[in-house]
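# Report on the structure
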Amino acid sequence: MLQKSLTTTLEAYDDILTIPEVADILKIGTSQTYKIVRSGQLKGFKEGKDWKIPKNCLIAYIKQKISY
């Protein structure tokens, strides 16, 4: 159920997300998003100067954060 609702929520986004998009989805600031990505908690990669985050990595991050 969670996977389906996350997938539906993120349908409008491309498979590769930017820092501002991730910040918007998580309802946090871009500075906090950069910290999460740089720490390795949320997997991403740099393309030039920009970070790119695969949508499936964001879904995995969210699922890991809400399951305790």
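Just above, that's the structure.
All residue numbers refer to positions counted from 1 along the written sequence of the respective chain. Under the rules for a predicted model, residues below a pLDDT of 70 receive no local features and side-chain atom pairs below 80 are neither given nor counted, while totals for whole chains, interfaces and linings still include all residues. As a convention, hydrogens and water are excluded, and side-chain values are obtained from all of the structure's heavy atoms.

Any carboxyl oxygen of Asp or Glu that lies within 4 Å of a side-chain nitrogen of Lys or Arg is treated as forming a salt bridge with it. Summed over the entire model, instances satisfying the criterion amount to 1 salt bridge. Residue Lys55 pairs with Asp15 through a salt bridge whose shortest N-O separation is 4.0 Å. Taken together, the residues Lys55 in helix α4 (residues 55-66) and Asp15 in the loop between α1 (2-9) and β1 (16-18) connect sequence positions 40 residues apart. When accessible area is computed with a 1.4 Å probe and restricted to protein chains, residues below 20% of their type maximum are described as buried, those above 50% as exposed, and intermediate ones as partly exposed. On the basis of relative accessibility, which here comes to 12%, the residue Lys55 falls in the buried class. Of the residues examined, Asp15 reaches a relative accessible area of 58% and is grouped as exposed. For helices the rule is a DSSP run of H or I covering at least 4 residues; for strands it is a run of E covering at least 2, with both sets numbered from the N terminus onward.

Time to look at the nonpolar core. Val22, Val37, Leu42, Ile53, Leu58 and Tyr61 are the most contacted members of the largest nonpolar core, which has 15 residues in total. Of all the secondary-structure elements, those providing two or more residues to this core are α2 (19-26), α3 (30-39), β3 (50-54) and α4. In terms of residues, this core owes the most to one element, α4, which gives 4 residues. Note on contacts: a residue pair qualifies if any of its non-hydrogen atoms lie within 4.5 Å across the two residues. In this structure, Ile53 is in contact with Asp15, Ile16, Leu17, Thr18, Ile19, Val22, Val37, Leu42, Lys43, Gly44 and Leu58, ignoring residues within four places of it in sequence. Side-chain atoms within 4.5 Å link the members of a nonpolar core, which is a set of buried Ala, Val, Leu, Ile, Met, Phe, Trp, Tyr and Cys residues.

Another aspect to go through is the side chain of Lys55. Here a polar contact is taken to be a pair of N or O atoms separated by no more than 3.5 Å, where protein atoms must pair a possible hydrogen donor with a possible acceptor and residues adjacent in sequence count only if both atoms sit in side chains. At 2.8 Å, the side chain of Lys55 and the backbone oxygen of Tyr13 are in polar contact. Look past the residues within four positions of Lys55 in its chain and what remains in contact with it is Leu10, Glu11, Tyr13, Asp14, Asp15 and Leu17.

Quick look at α2 now. Listed in full, the buried residues belonging to α2 are Ile19, Val22, Ala23 and Ile25. With its buried residues spanning 165 degrees around the axis, α2 presents them on a single face. The inward-facing, buried residues of α2 abut β1, α3, β3 and α4. Following α2 by one or two positions, Lys27 has its phi on the positive side, about 60 degrees. An arc is given here, and it is the one of the directions from the helix axis to the C-beta atoms.

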